[in-house]
Amino acid sequence: MIVSETAEKIKSMEIRGAGRIARAVAEALRDHALSARATTSEAFRHEMEQAASLLLATRPTAVSLPNAVHIVMAGLEKAMTVDEARAGIMTRADEFIRSSQHAVEQIAGFGASHIRDGDTILTHCNSEVALGCIIEAHRQGKEIEVFATEVRPRNQGLITIRTLNDAGITTNFIVDSAVRSFINDVDLVIVGADAVTVNGAVVNKIGTAQVAHSAREARVNVIVAAETYKFAPRTILGELIRIEERPGNEVLPDEIAKTLPHVTVRNPAFDVTPAEYIDLIVTEKGAIPPQMAYVIIRDYLGWGIDEFHTTFGPAGFNGE
Ligand code: RI2
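Cut-off values and rules
- Residues numbered from 1 in each chain as written.
- Predicted model: local features only at pLDDT ≥ 70, side-chain atom pairs only at ≥ 80, totals over all residues.
- Heavy atoms only, no water.
- Salt bridge = Lys/Arg side-chain N within 4 Å of Asp/Glu carboxyl O.
- Buried < 20%, exposed > 50% of the residue type's maximum accessible area, 1.4 Å probe, protein only.
- Patch = residues over 30% accessible without salt bridge, like charges linked within 9 Å, V, L, I, M, F, W, Y side chains within 5 Å.
- Areas by Shrake-Rupley, 256 points an atom, 1.4 Å probe, with all protein chains shown as cover.
- Helix = DSSP H or I, 4+ residues; strand = E, 2+ residues; numbered from the N terminus.
- Phe/Tyr/Trp six-rings, centres within 6.5 Å; stacked < 30°, edge-to-face > 60°.
- Lys NZ or Arg CZ within 6 Å of the ring centre and 35° of its normal.
- Domains from an automatic or database assignment.
- Contact = heavy atoms within 4.5 Å.
- Buried area = accessible area lost by both parts, 1.4 Å probe.
- Polar contact = N/O pair within 3.5 Å; in protein donor to acceptor, adjacent residues only side chain to side chain.
- Near = heavy atom within 4 Å.
- Nonpolar A, V, L, I, M, F, W, Y, C, P; charged D, E, K, R; others polar.
- Pairing = 2+ DSSP bridges.
- Axes fitted to C-alpha atoms, helices over the stretch in contact; angles between N-to-C directions.

Novice: Even after reading the chapter, I still don't get the pattern of salt bridges, so can you show me in this structure?
Specialist: Once their charged atoms are close, side chains differing in charge can pair, the charge on each being opposite to the other. Under the counting rule described, the total for this entry stands at 16 salt bridges. Put simply, Arg30 and Asp31 hold a salt bridge, and the shortest N to O gap is 3.5 Å. By relative accessible area, which is 22% here, Asp31 ends up partly exposed. Where Glu227 meets Lys230, a salt bridge forms, and the shortest distance between an N and an O atom there is 2.5 Å. For Glu227, a relative accessible area of 0% translates into the label buried. Relative accessible area serves as the criterion here: at 3%, Lys230 is assigned to the buried category. If you follow the salt bridges from partner to partner, you end up with Arg59, Arg154, Glu244, Arg246 and Glu250 in one network.

The following block contains the structure:
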């Protein structure tokens, strides 16, 4: 797929979910490298950087996006010729896609072991990795039941209940505001993540913080399923994750909004759940307490602070 097409689909959320976005970006950069016409390595690098900028500008919150760009673009390092640069990008993109898919499978295995026979699980939004854990537990023969939220305004809960239904898992579909009413029937909350900061806070679909708060009050454990490339290295430098605010007409149709001149619709797509509301983050490298997020950034993303400045400039890495 051409880069502008992928960028458009990410913006419109036709391609959505932090992991899927990351793989789509890697694929777009790979295809761009393959079709680039540049005849000098400088021109090739410039073309790739333009493509990367277009992709980085699509959605600001899921850190899997700039992380995937960073990982793939590192294929340009040390390349002397166009052929070497092209091969570098393509190899890194293929490796990223493969390891991302593998991570989803590994997390499913680790996450499933935290689900007991007879558990009722609540999930919010549509997370490939969180659902992977639930489906794997079911596949292992555990009797489980799920509560899935609707997820206003984009209704990603509909994708979740379709997936759970197709897997043959007994599921209760509830409106977002019913979480408090059912939390005492729930044994475990499992959600995904768009970003994990250095202090272990989790940025995920709007409403996750309320779910975690209810769970905390009811003494229900909260597990976050997140690949290591959803951890945000630049938060070490004090950079904050930008929360995407989407158009108001996703919440209230324009025809109604225009009759209400004193009303402004606010539509943040994500919120921040503090580390103390989270019991465990399950990554493909194993489960960690959220307070150990720094170790994941240091040991598995492996990026020193110097690298932020050399590869993308002081602030360019986050697409801002
Ligand atoms: P996986 C989604 O964002 C949801 O917030 C979900 O929890 C998160 O990405 C992670 O998804 P959106 O794209 O990578 O629906 O686990 O705004 O699939």
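Novice: How should I be thinking about a nonpolar patch on the surface in this particular structure?
Specialist: Among the surface-exposed residues, Ile256, Leu260 and Val263 lie close enough to one another that they form a single nonpolar patch of about 230 Å² accessible area. With respect to the element layout, Val263 can be found in the loop between α10 (254–257) and β8 (270–273).

Novice: Please clarify how the packing of aromatic side chains should be interpreted in this entry.
Specialist: Each pair of aromatic rings is reported with the distance of its centres and the angle of its planes. As enumerated under the stated definition, the model contains two aromatic pairs in all. When the ring centre of Phe270 is taken as reference, the NZ or CZ atom of Lys205 above it lies at 4.2 Å.

Novice: Before we go on, may I ask you to explain the domain arrangement of the protein chain in this structure?
Specialist: Many descriptions give the size of an interface as the accessible area lost when the pieces come together. By the assigned domains, the protein chain splits into domain 1 (3–105 + 305–317) and domain 2 (107–301). Between the C-alpha centres of domain 1 and domain 2 the distance comes to 26 Å. Contacts between domain 1 and domain 2 engage 27 residues on the former and 32 residues on the latter. Roughly 2,400 Å² is buried in total at the junction of domain 1 and domain 2, and carbon and sulfur atoms are behind 57% of that figure. The largest contributions to the domain 1 side of the interface with domain 2 come from Arg16, Thr61 and Val104, which together make up 23% of the buried area. Our count for the domain 1 to domain 2 interface comes out at two salt bridges. Across the pair Glu244 and Arg59 runs a salt bridge, and its minimum N-O distance is 2.8 Å. Linking domain 1 with domain 2 are 17 residue pairs in polar contact (both at pLDDT 80 or more). Going through the elements one at a time, α2 (18–35), α4 (64–73), α5 (82–112) and α12 (305–316) are the ones with two or more residues in the side of domain 1 that touches domain 2.

Novice: When you look at the site of the ligand in this model, what are you seeing that I'm missing?
Specialist: Neighbouring residues of the ligand: 18 residues in total, closest Arg16, Ser127, Asp194, Asn204 and Lys230. Within the side chain of Asn204, a nitrogen or oxygen atom sits 2.6 Å from an oxygen atom of the ligand. Between an oxygen atom of the ligand and a side-chain N or O atom of Lys230, the distance comes to 2.7 Å. For the ligand, the accessible surface in isolation is 440 Å², of which the surrounding protein chains cover 100%. Secondary-structure elements contributing two or more residues to the shell around the ligand are α2, α6 (128–139) and β6 (202–205). Taken together, the residues that form the shell around the ligand break down as six nonpolar, six polar and six charged. Taken domain by domain, the makeup of the shell around the ligand includes at least three residues from each of domain 1 (3–105 + 305–317) and domain 2 (107–301).

Novice: Sorry if this is basic, but what is going on with unusual backbone geometry here?
Specialist: Across residues other than glycine, the phi torsion is negative in most instances, and most of the peptide bonds are trans. A cis amide bond links Arg152 to the next residue, Pro153, at an omega of 0°. Position of Pro153 relative to the elements: it lies in the loop between β2 (145–149) and α7 (157–166). Phi at Lys78 takes a positive value of approximately 70°, unusual for a residue other than glycine. Among the secondary structure elements, Lys78 is positioned in the loop between α4 and α5.

Novice: I tried to follow the sheet that holds strand β3 (residues 170–174) on my own but got confused; where do I start?
Specialist: Paired through their backbone hydrogen bonds, the strands of a sheet run either parallel or antiparallel. Overall, mixed pairing links the seven strands, which are arranged β3-β2-β1-β4-β7-β9-β10 in an open sheet. The sheet terminates laterally at β3 and β10 (286–288), the two strands that pair on one side only. The sheet shows a mean angle of 25° between the axes of neighbouring strands, direction not considered. With three bridges connecting them, strand β9 (residues 280–283) and β10 associate as antiparallel partners. Pairing of Ile281 across the sheet is with Ile288, part of β10. Against the sheet, α6 makes contact with β1 (120–123), β2, β4 (188–191) and β7 (221–225), and its axis sits at roughly 135° relative to β4, the strand it touches most. In the packing of helix α9 (residues 208–217) onto the sheet, contacts are made with β1, β4 and β7, and the angle to β4 comes to roughly 160°.

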